[in-house]
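Chain residues, written in single-letter form:
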Amino acid sequence: MNEKRILEMRGIDKTFPGVRALQGVDFFLNEGEIHALMGENGAGKSTLIKVLTGVYTKDGGTISLQGTGEVQIHSPQDAQNLGISTVYQEITLCPNLTVAENMYIGRGKGQITNWKQMNTDAEKLLRSLDIPAKATQQLASCSIAVQQMVAIARAVDMECKVLILDEPTSSLDEQEVEKLFGLMRDLKSRGVGIIFVTHFLDQVYEVCDKITVLRDGQLVGEYEIKDLPRVQLVAKMLGKEMDDLSDIKGEGGGYQGKDSGEDVFEAKDLQSDAGIKPFDFHIKKGEVNGFTGLLGSGRSECVRAIFGADRVLKGSVKMHGKPVKIAKPIDAMKCGIAYLPEDRKVDGIVGDLSVRENIILALQVLTGFFKPFSRAKANAFADEYIKKLNIKTASADTPIKSLSGGNQQKVILARWLLMHPDYLILDEPTRGIDVGTKVDIQKLVLELASEGMSVTFISSETDEMLRTCSRLVVMRDRKVVGELSGDDLTQNKIMSTIAGGESKA
Amino acid sequence: MKAENKKSSIFTRVSDTNLLLAITIVIFFLMYIGAILFQGEGFLKPQKFFDILNNNSALIITACGMSLVMITGSIDISVGGVVALVSTCCAVYLDFHEGNIFGSILIAIGVGLLYGLVQGFLVAYLDIQPFIVSLAGMFFARGMSTIVHTAHFNVASDVFNALKNTRINVPGMGSVNRKGIYIPAYVEIGVIVALLLVVILFIVLRWTKLGRSFYAVGGNKQSALMLGINVKRTKFLAHLICGLLAGIAGYVYLLHVGSSSADNAMGMEMNAIASSIIGGTMLTGGVGNIIGTLFGVLSLSTIQNIVSGAGLGDAWWTGITIASMLCLFLVIQSVVMAQKKRALE
Ligand SMILES: Nc1ncnc2c1ncn2[C@@H]1O[C@H](COP(=O)(O)OP(=O)(O)O)[C@@H](O)[C@H]1O
Ligand SMILES: [Mg+2]
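The following refers to the structure shown. (Residues numbered from 1 in each chain as written. Chains lettered and ligands numbered in written order. Predicted model: local features only at pLDDT ≥ 70, side-chain atom pairs only at ≥ 80, totals over all residues. Heavy atoms only, no water.)

All names here are of chain A. Positive phi outside glycine occurs at Asp-130, with the angle close to 60°. Position of Asp-130 relative to the elements: it lies in the loop between α4 (115-128) and α5 (144-157). Looking at Asp-130, the relative accessible area reads 55%, which means it is exposed. (Helix = DSSP H or I, 4+ residues; strand = E, 2+ residues; numbered from the N terminus. Buried < 20%, exposed > 50% of the residue type's maximum accessible area, 1.4 Å probe, protein only.)

Quick look at the structure:
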């Protein structure tokens, strides 16, 4: 082991039921280094960290530390004792204990605590970090940002060799982030190795020395910060090469729509409680547009705000030019908006019911909305859509659970189409389904648009978006940072807009 | 964030646990005053209060154990059964096996510990639902006590009866009866044991690391794990201590009633849960206070006294009043907590 290297993780494997979260990932950390761990949401960053701190048991691979050689870490307690202190992505403190207790519980030996001492120490630490909380205050009575700072205070106060910060900045304001960076630099100068996970690119280039990129549970590579410009980093995270030849705009660009000029939906200054910055958005009749950006950049949150799926904080919304109020999904549905969510497990299918019954399910719940259907008509429609969407099933009466994932997906889509919405939002409709079905769905989207439906389409695969959308709203760090249409609709342009900052590829 | 300071009124600064404790104590005093108003002087005599303690020492102890597991986010409904099992075992040992006091105490502690050990292991290490585990435990204990001895009998052992009849006078609390004779107020040994345990548990829960771990695990199991707490061991210990307390309570129970019967302590687990809840322990875990539990037991039996004193001695009247009281407490608790939450926002 290299003498300056304080942590070596080699060939780490971790599988959850149905997901290979990590596959043979290597990760190395040196003394006095701030090392960014990057990747889209779901890339496996948090899992790698939890394997390191003993929250999850790894399925394979080795972990070695400076001085101790290979170690087996079975619990967060073990990790703490080995000098690894962690701020997890989710706040992992106990809301019913005091601030001071949260900072000191689980540390040190012996049963008896000197409470006075603990509270004074905590008070001192809180003051030195300018955290507006009292040591004896119950944690639940602090704001989320303060709780996050308390977690950080706890972690930095421990005598540690490795400090792990998993997206600690998501709920902090600028000043607090600066304070944190000050602390990180201070610890770095004392030789602590820091693993820093964030999705804010600016922050990476501000404090980090090295970057390790993960994608879909696999290691993409380790880079010196100076060797990896922003655009390259984005390309690595997305799994695209910057000057990829396939970049020529596919099939003559997205569908342009009948330019009727009439806005079907319009939002001004819309903001939800899901942490996105206020944004403006509109879509014309027969238009297909999309939100793009890295996973976790807030694109799903935007459409959720449109649909009223998260609590809307402010903004005004117009449907067909008339102001409407959308507070809950049902309001949106009444306005003629349909939304296929990203997390289909929630929306779900009823496994034992037949394909046809699953298609007309929503109708039974929602009779009265949109254009009402008679039962016979609904059945006929279901049968029609089974054909139209090319749903591969033995018959309309086959239980849906025997269908493949992609075909189940189409059934859910058909369910929404049955409602004849004016505006259809599809969040990742093609994830996890086979190529053939993907093409079917893309074709369908274009067909629906040509019939006058407006569609917002979100996909992690930019080529797919380029093929279907005529306008792309680009997001970075939960903010709309650009809008691309016409000749700007290229892979390169998307990536450089996502990367932002100084970089022009 | 800047708003943090201006919002810290006393109401929001006090912890959930202490807030609920305050509610409990206030309600107990209101209730006791009510008892004095409705039932007259009886309740003004200190001995009346001490009798409540005498009659409920075993319940206080089981309720303490119950609060402990509830704070950890678990439950143990076997405690009533354990009290019955322990009291029959000890009675049989004392009378039919010429047992001595020391041995009988060992039996009580042993049975209780064994119960806690097995149940704790199943709940903490094998991750079986605590409700199911202790339900099985309850049936087992009741069944076992019937096997040990079915018929009702009074313990004859002299030493035991001497212990049972020991009265510890409380100085200055006595009263003068109609004939002008001073009658000292007294408590039984069980009360001393119960109060001692209350104090010990209070200190453990309030000031030791183990005690705070119980709260941490009950507050958020996953967080507690990440904070470096051994969650399994903490859960195990909570059940172990609860079992031990049930064992001790069984002996205290026997000391009070002096007789063995398989029906001893029927429904005590439910009274223990009710007392804990009235005392401000939350079923969801992480919030609770042993002093509150003590007041919970006192409130519960004061209510029972009021009900029976009003000539409504039937079991169902007691049941109905306890039920409405529980509802009242839960409503007050949730209203106050909701108010507090609103004040924080
Ligand atoms: N406890 C879990 N059980 C099942 N799957 C999980 C669990 N934790 C994470 N995953 C899955 O593992 C993958 C990686 O997740 P994670 O490490 O949280 O990603 P990141 O932190 O990079 O956003 C995701 O597909 C996620 O759904
Ligand atoms: Mg993560």
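Structure's up, so let's keep going.
Here the focus is the site of ligand 1. All names here are of chain A. Taken together, the neighbourhood of ligand 1 is formed by Phe-16, Val-19, Ala-21, Glu-40, Asn-41, Gly-42, Ala-43, Gly-44, Lys-45, Ser-46, Thr-47 and Tyr-56. Contact between ligand 1 and Ala-43: an oxygen atom at 3.3 Å from a main-chain N or O atom of the residue. Contact between ligand 1 and Gly-44: an oxygen atom at 2.9 Å from a main-chain N or O atom of the residue. Within the residue set of the shell around ligand 1, elements represented by two or more residues are β2 (19-30) and α1 (45-52). Broken down by element, the residue count for the shell around ligand 1 peaks at three residues, all from α1. For the shell around ligand 1, the residue count by class is five nonpolar, five polar and two charged. (Near = heavy atom within 4 Å. Polar contact = N/O pair within 3.5 Å; in protein donor to acceptor, adjacent residues only side chain to side chain. Nonpolar A, V, L, I, M, F, W, Y, C, P; charged D, E, K, R; others polar.)

The next subject is the pairing of strand β3 (residues 34-38) of chain A. All names here are of chain A. By the criterion of burial, β3 is predominantly enclosed, with five of the five residues buried. Covered by surrounding structure in β3 are Ile-34, Ala-36 and Met-38 together with His-35 and Leu-37, the residues of both alternating faces. Bridge count for β3 against strand β8 (residues 193-197) is four bridges, and the pairing is parallel. If you follow Ala-36 over to β8, its bridge partner there is Phe-196. Judged from the four bridges that link them, β3 and strand β9 (residues 210-215) form a sheet pairing that is parallel. Bridge pairing links His-35 to Lys-210 in β9. (Pairing = 2+ DSSP bridges.)

The subject of this paragraph is the interface of chain B and chain A. Many authors give the size of an interface as the accessible area that is lost as the parts come together. Each partner contributes to the interface: chain B provides 30 residues, whereas chain A provides 37 residues. When the two sides are added together, the surface that chain B and chain A hide from each other amounts to roughly 2,700 Å², 57% of it contributed by carbon and sulfur. Run the count over chain B and chain A and you get one salt bridge. The salt bridge partner of A:Glu101 is B:Arg212, with a shortest N-O separation of 2.2 Å. When contributions to the side of chain B that touches chain A are tallied by element, the ones reaching two or more residues are α9 (189-207), α10 (209-219), α11 (221-226) and α15 (315-344) of chain B. If one sorts the elements of the side of chain B that touches chain A by residue count, α10(B) sits on top with seven residues. When its residues are assigned to classes, the side of chain B that touches chain A shows 13 nonpolar, eleven polar and six charged. (Contact = heavy atoms within 4.5 Å. Buried area = accessible area lost by both parts, 1.4 Å probe. Salt bridge = Lys/Arg side-chain N within 4 Å of Asp/Glu carboxyl O.)

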